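Residue-level listing of the chains:
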Amino acid sequence: MHKILVSRCLLGHRVRYDGGASGPFDQLDVWLAEGRVVGLCPEVAGGLPTPRPAAEIPGGQGLQVLDGKALVLTEAGEDFTEAFMRGAQLALETVRRHGIRIAVLKANSPSCGNLLTYDGTFTATKVTGEGVTAALLRREGVQVFSELQLAEAAAALQALEPAL
Ligand code: SF4
């Protein structure tokens, strides 16, 4: 059975920067019941507390953070890059350990966003880009979806398990 990496905040765990969470999501509940879900919050796993200041990537590109060409900063200028990198690395180790090929990560997050992130101006401006963890997992070949794409994630799982 294929496991699926899921952002912990989508599982109702109050790990978001503001102490909040999301969900429930019916599809995630099904996968939880099947024992497929491996939950992870990269930012908390990387050592950050909850609540914590919001952080953004100037330019919005997690790939650039991975390559040492951009930082993850709070509005006050605190550098969270190291914790974000550590969390992404732990996510990578997790998917390798479980042979995970599919992830469902929280949309728009500077760690987890798979299509959009905030641009670093703290003006709620989104740009095309991935969070640091999402970028690293996609680079590893993991198919990364968000909670807005659960049907697509289910189709990807079906493709991996056509007999089910
Ligand atoms: S979006 Fe990712 S890093 Fe942010 S709280 Fe959710 S799991 Fe943690």
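Please refer to the structure higher up on the page.
Bear in mind that the values here come from a model prediction, so they are computed numbers and not experimental data. (Residues numbered from 1 in each chain as written. Predicted model: local features only at pLDDT ≥ 70, side-chain atom pairs only at ≥ 80, totals over all residues. Heavy atoms only, no water.)

Asks: So what exactly am I meant to see when it comes to the side chain of Asn-114 here?
Replies: Within the element layout of this structure, Asn-114 appears in the loop between strand S5 (102-104) and strand S6 (116-118). The exposure class assigned to Asn-114 is buried, which follows from its relative accessible area of 10%. Looking at Asn-114, its side chain comes within polar contact range of the main-chain oxygen of Val-144, at 3.2 Å. At 2.8 Å, the side chain of Asn-114 forms a polar contact with the side chain of Gln-149. When neighbours within four sequence positions are excluded, Asn-114 is seen to be in contact with Gly-129, Glu-130, Ala-134, Val-144, Phe-145, Ser-146 and Gln-149. (Helix = DSSP H or I, 4+ residues; strand = E, 2+ residues; numbered from the N terminus. Buried < 20%, exposed > 50% of the residue type's maximum accessible area, 1.4 Å probe, protein only. Polar contact = N/O pair within 3.5 Å; in protein donor to acceptor, adjacent residues only side chain to side chain. Contact = heavy atoms within 4.5 Å.)

Asks: Which parts of the structure should I look at to understand the packing of helix H4 (residues 81-98) against helix H5 (residues 132-139)?
Replies: In contact at an axis separation of 9 Å, H4 and H5 are set at 35 degrees when each is read in the N-to-C sense. Here H4 and H5 pass one another in a crossing that is right-handed. Between H4 and H5, the residues in contact are Phe-84, Met-85, Gly-87, Ala-88, Gln-89, Ala-91, Leu-92 and Val-95 and Val-132, Thr-133, Leu-136 and Leu-137, respectively. Within the contact of H4 with H5, the residues separate by chemical class into nine nonpolar, three polar and no charged. (Axes fitted to C-alpha atoms, helices over the stretch in contact; angles between N-to-C directions. Left-handed = near helix turned anticlockwise from the far one by under 90°. Nonpolar A, V, L, I, M, F, W, Y, C, P; charged D, E, K, R; others polar.)

Asks: What is the right way to read the nonpolar core from this model?
Replies: If you look at the biggest cluster of nonpolar residues, it comprises 28 residues, and the most contacted ones within it are Leu-5, Val-72, Phe-84, Val-95, Leu-105, Val-132 and Leu-137. Of all elements in the fold, only strand S2 (37-40), helix H3 (62-66), H4 and H5 reach the threshold of two or more residues within this core. A per-element tally of this core places H4 first, with six residues. Aside from chain neighbours lying at most four places away, what touches Val-132 is Ile-57, Gly-62, Val-65, Leu-66, Val-72, Phe-84, Met-85, Ala-88, Pro-110 and Ser-111. (Core = buried A, V, L, I, M, F, W, Y, C linked by side-chain atoms within 4.5 Å.)

Asks: Would you take a moment to explain the packing of helix H1 (residues 26-33) against helix H6 (residues 150-160) for this structure?
Replies: Two packed helices can be described by the angle between their axes and the distance between those axes. The N-to-C vectors of H1 and H6 enclose an angle of 35 degrees; their axes lie 10 Å apart at closest approach. Note on element contacts: H6 touches H1 through Leu-150, Ala-153, Ala-154 and Leu-157, opposite Gln-27, Leu-28 and Trp-31. Considered class by class, the residues forming the contact of H1 with H6 number six nonpolar, one polar and no charged.

Asks: So what exactly am I meant to see when it comes to unusual backbone geometry here?
Replies: For residues that are not glycine, phi is negative in most cases, and the peptide bond is trans in most cases. For the peptide bond that leads from Gly-23 to Pro-24, omega is 5 degrees, which places it in the cis range. Along the chain, Pro-24 falls in the loop between strand S1 (4-7) and H1. Omega for the peptide link from Thr-50 to Pro-51 comes to -5 degrees, which places this bond in the cis form. Following the sequence through the fold, Pro-51 ends up in the loop between helix H2 (42-45) and strand S3 (55-56). Positive phi values are uncommon outside glycine, yet Phe-122 reaches one of about 55 degrees. Of note, Phe-122 is situated in the loop between S6 and strand S7 (126-128). In this structure, Ala-124 takes a positive phi of about 60 degrees despite not being glycine. You can see Ala-124 is positioned in the loop between S6 and S7. Relative accessible area serves as the criterion here: at 62%, Ala-124 is assigned to the exposed category.

Asks: Would you take a moment to explain the sheet that holds strand S8 (residues 143-145) for this structure?
Replies: As a general point, the strands of a sheet are linked pairwise by backbone hydrogen bonds and lie either parallel or antiparallel. Overall, parallel pairing links the four strands, which are arranged S2-S1-S5-S8 in an open sheet. The two strands at the open ends of the sheet, each matched to only one other strand, are S2 and S8. Averaged over all adjacent pairs, the angle separating strand axes in this sheet is 25 degrees, with direction ignored. Inspection of the sheet shows S1 paired to S2 by four bridges, in the parallel sense. Its bridge partner being in S2, Leu-5 is matched across the sheet by Val-38. Against the sheet, H4 makes contact with S1 and S2, and its axis sits at roughly 165 degrees relative to S2, the strand it touches most. Relative to the sheet, H6 contacts S1, S5 and S8, its axis offset from that of S5 by approximately 165 degrees. (Pairing = 2+ DSSP bridges.)

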